[in-house]
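One letter stands for each residue in the lines below.
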Amino acid sequence: MLENISIIHHSSIKFSDNIKIYFDPYEINENNNNADIIFITHSHYDHYSENDIKKIYNANTKFIIPKDLKKELLNLGIKKENIVTVAPNNNYNVLDISFKTIPAYNINKPFHPKENNWIGYLINYNNFTYYIAGDTDITEDNKLIKCDVAFLPIGGKYTMNYKEAAELTNIIKPKIVVPIHYGLIIGTTEDAIEFAKLINKDITCKILIK
């Protein structure tokens, strides 16, 4: 389920099979301009980075974005026909990739207000379902997620901390969980190690950010 999937840094995820997909590209090291689809969860600099987008997009790349980023992409020179604006709790299909948008927000901190309509993605890819949570706390929305693989933030302060992320993992019971959103800005590898200790034994934890 994680074959051809990698974490670049922080919350930047790459699916590298036939269709090349990036989520929140950040700290990209190579200029390969090979993205078929770029998903953005929200507008914070460590998730929407124009410098990194320029390294991976091409004339045919499709962008999946919250509505508040459309103007920025148009100003970047992206054609409007390549931009798909999305809202929470809807279903979409782009290049035969089907996905649902899941609300991503804070419940006890101010950094990601629910009214901003920022999002995580529940994506169907190669016959598996992947949940890319975005920057979020435990919410009544994401407690209902059913997926094979969950990518959950664990860094704390701006998102769930590792204890809260472990609680959500044990509620939604994916086959595999991958901790993200640590190592660069906030959170440490030690948080990921402690997170793994709290996961139910029937769930596999894969630490991809060392």
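Predicted, not measured: the structure shown is a model, and the values here were computed from it. (Residues numbered from 1 in each chain as written. Predicted model: local features only at pLDDT ≥ 70, side-chain atom pairs only at ≥ 80, totals over all residues. Heavy atoms only, no water.)

Student: Looking at this structure, how should I read helix 4 (residues 189-197)?
Tutor: Side chains three or four residues apart in an α-helix point the same way, a direct result of the helix having 3.6 residues per turn. For helix 4, the set of buried residues is Asp191, Ala192 and Phe195. What you see down the axis of helix 4 is that its buried residues fit within an arc of 100°, all on one side. Taken together, the buried residues of helix 4 touch helix 3 (162-172), strand 12 (176-180) and strand 13 (204-205). (Buried < 20%, exposed > 50% of the residue type's maximum accessible area, 1.4 Å probe, protein only. Helix = DSSP H or I, 4+ residues; strand = E, 2+ residues; numbered from the N terminus. Arc of directions from axis to C-beta. Contact = heavy atoms within 4.5 Å.)

Student: Please clarify how the nonpolar core should be interpreted in this entry.
Tutor: Within soluble globular proteins, side chains that are nonpolar generally end up buried alongside one another. Within the largest apolar cluster, 49 residues are counted, with the highest numbers of intra-cluster contacts made by Tyr131 and Phe151. With sequence-adjacent residues up to four places away left out, Tyr131 is seen in contact with Ile102, Tyr121, Leu122, Thr136, Asn142, Ile145, Cys147, Val149, Ala150, Phe151, Leu152 and Ile172. Ala35, Ile53, Leu76 and Ile83 belong to the second-largest nonpolar core, a separate cluster that totals 15 residues. (Core = buried A, V, L, I, M, F, W, Y, C linked by side-chain atoms within 4.5 Å.)

Student: Looking at this structure, how should I read the sheet that holds strand 7 (residues 91-94)?
Tutor: The strands that make up a sheet pair up through hydrogen bonds in the backbone, lying either parallel or antiparallel. Strand order in the open sheet formed by seven strands is 7-8-9-10-11-12-13, and the pairing between neighbours is mixed. Two strands bound the open sheet, and with one partner strand each, they are strand 7 and strand 13. Inspection of the sheet shows strand 12 paired to strand 13 by two bridges, in the parallel sense. Bridge pairing in strand 13 places Val177 opposite Cys205. Sheet contacts for helix 3: strand 10 (128-132), strand 11 (149-153) and strand 12; angle to strand 11, the most-contacted strand, approximately 160°. (Pairing = 2+ DSSP bridges. Axes fitted to C-alpha atoms, helices over the stretch in contact; angles between N-to-C directions.)

Student: Would you take a moment to explain the pairing of strand 8 (residues 97-103) for this structure?
Tutor: Consecutive side chains along a regular strand alternate between the two faces of the sheet. By the criterion of burial, strand 8 is predominantly enclosed, with five of the seven residues buried. In terms of strand pairing, strand 7 meets strand 8 through four bridges, oriented antiparallel. Each bridged residue has a counterpart across the sheet, and for Tyr92 the counterpart in strand 8 is Phe99. Here strand 8 runs beside strand 9 (residues 119-125); their pairing, made up of five bridges, is antiparallel. Within strand 9, the position partnered with Ile102 by the bridge is Gly120.

Student: Would you explain the side chain of Thr101 in this entry?
Tutor: Along the chain, Thr101 turns up in strand 8. Judged by relative accessible area, which is 0%, Thr101 ranks as buried. A distance of 2.5 Å separates a polar side-chain atom of Thr101 from the backbone oxygen of Ala87. In this structure Thr101 touches Val86, Ala87, Pro88, Asn89, Asn90, Tyr92, Ile119, Gly120 and Tyr121, once residues within four positions along its chain are discounted. (Polar contact = N/O pair within 3.5 Å; in protein donor to acceptor, adjacent residues only side chain to side chain.)

Student: Which parts of the structure should I look at to understand a nonpolar patch on the surface?
Tutor: A cluster of nonpolar residues, Tyr45, Leu184 and Ile185, forms a patch on the protein surface that exposes about 300 Å² of accessible area. Checked against the element boundaries, Tyr45 lands in the loop between strand 4 (37-39) and helix 1 (50-56). (Patch = residues over 30% accessible without salt bridge, like charges linked within 9 Å, V, L, I, M, F, W, Y side chains within 5 Å. Areas by Shrake-Rupley, 256 points an atom, 1.4 Å probe, with all protein chains shown as cover. Salt bridge = Lys/Arg side-chain N within 4 Å of Asp/Glu carboxyl O.)

Student: Explain the environment of Asp52 here, please?
Tutor: Structurally, the position occupied by Asp52 is in helix 1. C-alpha separation for the pair Asp52 and Thr139, spaced 87 residues apart in sequence, amounts to 30 Å. When residues no more than four places from it in sequence are discounted, the contact partners of Asp52 are Pro25, Tyr26, Glu27 and Ile28. In this structure the side chain of Asp52 is engaged in a polar contact, spanning 3.1 Å, whose partner is the backbone nitrogen of Glu27. Polar contacts involving the side chain of Asp52 include one to the side chain of Ser49, which spans 2.6 Å.

Student: Would you mind showing me how to read the packing of helix 3 against helix 4 here?
Tutor: Between two packed helices, the angle of one axis relative to the other and the distance separating the axes together describe the packing. Direction vectors running N to C along helix 3 and helix 4 enclose 35°, while the axes themselves pass 9 Å from each other. Every pair of crossing elements has a handedness; the one defined by helix 3 and helix 4 is right-handed. In this structure, helix 3 contributes Tyr162, Ala165, Ala166 and Thr169 to the contact, and helix 4 contributes Asp191, Glu194 and Phe195. Looking at the contact of helix 3 with helix 4, its residues break down into four nonpolar, one polar and two charged. (Left-handed = near helix turned anticlockwise from the far one by under 90°. Nonpolar A, V, L, I, M, F, W, Y, C, P; charged D, E, K, R; others polar.)

Student: Whenever I open this one, the pairing of strand 9 confuses me. Can you help?
Tutor: The element strand 9 is largely enclosed, with a buried count of six among its seven residues. Connecting the antiparallel pair strand 9 and strand 10 is a turn made up of two residues, with Asn126 showing a positive phi of about 55°.

Distances and angles like these do not, on their own, reveal function.
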